[in-house]
Amino acid sequence: MAKEVEFQVHVAVPGALEALLAANEARAIGCAALAETLEALGMAISQLYGAPGNAALRSRVLANLGALASGLDDPLLVTFAAGLLAARDQLTAAADDEVTAALEALGVQMRGFTGFLQVLARHDFEIALRPNSADAQPLTATSFGLYLKNNGTRTTTYRIELSGVPAGIGGGLTRTNITLSPGQATSPTLTGVDHVSVVLTQPTSQLTAFDFKVSVTAETAPPITRETVGAFTARDELVRVLE
């Protein structure tokens, strides 16, 4: 005797699933407002997919897309704003029978955005120089300690680079990579952990005021890079003495 079996089929609406997954990742990195916008966007996309001729639902998706693009204030996420706005413009101009294709194009943008949020949740970090400025002293090594904290959920190796130091200035980074576990921080002020510093020495012939940049990259795919800036200042009285 034949049996009847019931099962449910869930249709993944282009863009909607990615938006909801991105909302989970946004919460994981502490961006509650971004998560709420993504959740609202996911629900609106799903509803519009089922009723592509509904002008009110389309307006809701467009409004949520605009809010999402304008709310990307992290420098690492701002780069996605242009693609999201282009998808919004395509949806705005679409005829009713073109809405599904426009949502599929939006889904492509959302997949890239969601994937990057997943990388951030696993490997994001914060950096700062402490101190971030100092008065130049002739033939005196000046240390700028690097504060680096792993805010992600995975142990991550970070590559550190220094740029902007003029020729004739001695010194550099005390190390060029470091590995941190989730929640771990490193700084010269923290005991019992390896740390990184920028150590620079000005020559006696001339004191130079300049800014320099420290770039830290999480060795992930795609890589995540954040930067912080330090400064050497040259006090007038010291410059006059040397002259």
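Cut-offs and rules
- Residues numbered from 1 in each chain as written.
- Predicted model: local features only at pLDDT ≥ 70, side-chain atom pairs only at ≥ 80, totals over all residues.
- Heavy atoms only, no water.
- Helix = DSSP H or I, 4+ residues; strand = E, 2+ residues; numbered from the N terminus.
- Buried < 20%, exposed > 50% of the residue type's maximum accessible area, 1.4 Å probe, protein only.
- Contact = heavy atoms within 4.5 Å.
- Areas by Shrake-Rupley, 256 points an atom, 1.4 Å probe, with all protein chains shown as cover.
- Salt bridge = Lys/Arg side-chain N within 4 Å of Asp/Glu carboxyl O.
- Polar contact = N/O pair within 3.5 Å; in protein donor to acceptor, adjacent residues only side chain to side chain.
- Axes fitted to C-alpha atoms, helices over the stretch in contact; angles between N-to-C directions.
- Parallel < 35°, antiparallel > 145°, perpendicular 65-115°, else oblique.
- Left-handed = near helix turned anticlockwise from the far one by under 90°.
- Nonpolar A, V, L, I, M, F, W, Y, C, P; charged D, E, K, R; others polar.
- Pairing = 2+ DSSP bridges.
- Core = buried A, V, L, I, M, F, W, Y, C linked by side-chain atoms within 4.5 Å.

(A) A look at the overall build of the chain. Broken down by element type, the chain carries 7 helices and 10 strands. The 243 residues of the chain split such that 40% are buried. Considering only residue pairs separated by 6 or more positions, the chain has 66% of its internal contacts joining residues 24 or more positions apart. Split by element, the accessible area of the chain, about 12700 Å² in all, is 52% carbon and sulfur.

(B) How the structure looks around the pattern of salt bridges. Counted under the stated rule, the structure contains 9 salt bridges. We note a salt bridge from Arg 226 to Asp 74, for which the minimum N-O separation is 2.9 Å. With a gap of 152 residues between them, Arg 226 in strand 10 (residues 224-233) and Asp 74 in the loop between helix 3 (55-70) and helix 4 (75-78) connect regions that are remote in the sequence. For the residue pair Arg 226 and Asp 74, the accessibility class agrees, reading buried in each case.

(C) Structural view of the side chain of Thr 186. Mapped onto the elements of the fold, Thr 186 is located in strand 7 (residues 185-186). Here Thr 186 falls in the buried class, since its relative accessible area comes to 1%. Reaching out from Thr 186, the side chain makes a polar contact with the backbone oxygen of Asp 194 at a distance of 2.2 Å. Here Thr 186 is in contact with Leu 146, Tyr 147, Leu 148, Ile 178, Leu 180, Val 193, Asp 194, His 195 and Val 196, once residues within four sequence places are set aside.

(D) Examining the packing of helix 1 (residues 16-28) against helix 6 (residues 99-123) more closely. Helix 6 packs onto helix 1 with a crossing angle of 20° between their chain directions and a minimal axis gap of 9 Å. Taken as axis vectors, helix 1 and helix 6 run roughly parallel relative to one another. As for the relative orientation of helix 1 and helix 6, their crossing is left-handed in sense. From helix 1, Glu 18, Ala 19, Leu 21, Ala 22, Glu 25 and Ala 28 reach across to helix 6, where they touch Gly 107, Met 110, Arg 111, Phe 113, Thr 114, Leu 117, Gln 118 and Ala 121. Its residues placed into classes, the contact of helix 1 with helix 6 shows 8 nonpolar, 3 polar and 3 charged.

(E) The arrangement of the sheet that holds strand 6 (residues 177-180) in detail. Spatially, the 5 strands line up as an open sheet ordered 2-10-9-4-6, and their pairing is mixed. In the strand order of this sheet, the two ends are held by strand 2 (133-135) and strand 6, each with one partner. Between one strand axis and the next, the sheet turns by 25° as a mean value, whatever way the strands run. As defined by bridge partners, strand 9 (residues 210-218) adjoins strand 10 across 9 bridges and the pair is classed as antiparallel. Counterpart to Ser 215 in the pairing with strand 10 is Glu 227. Where helix 6 meets the sheet, it contacts strand 4 (156-163), strand 9 and strand 10, and its direction lies at approximately 60° from that of strand 10.

(F) Main features of the nonpolar core. Grouped together as the largest cluster of nonpolar side chains are 62 residues, with contacts concentrated most on Leu 38, Leu 68, Leu 72, Met 110, Phe 113 and Val 216. Of the residues forming this core, the biggest block, 10 residues, is contributed by helix 6. In this view, Val 216 contacts Phe 125, Ile 127, Leu 146, Leu 148, Tyr 158, Arg 159, Ile 160, Ile 224, Thr 225 and Arg 226; residues no more than four positions away in its chain are not counted.

(G) Molecular detail of the packing of helix 2 (residues 32-50) against helix 3. Helix 3 packs onto helix 2 with a crossing angle of 155° between their chain directions and a minimal axis gap of 9 Å. By the angle between their axes, helix 2 is roughly antiparallel relative to helix 3. The crossing of helix 2 and helix 3 is left-handed. Counted together, Leu 34, Thr 37, Leu 38, Ala 40, Leu 41, Ala 44, Ile 45, Gln 47 and Leu 48 of helix 2 and Leu 57, Arg 58, Arg 60, Val 61, Asn 64, Leu 65, Ala 67 and Leu 68 of helix 3 form the full contact between these two elements. Across the contact of helix 2 with helix 3, the residue classes break down as 12 nonpolar, 3 polar and 2 charged.

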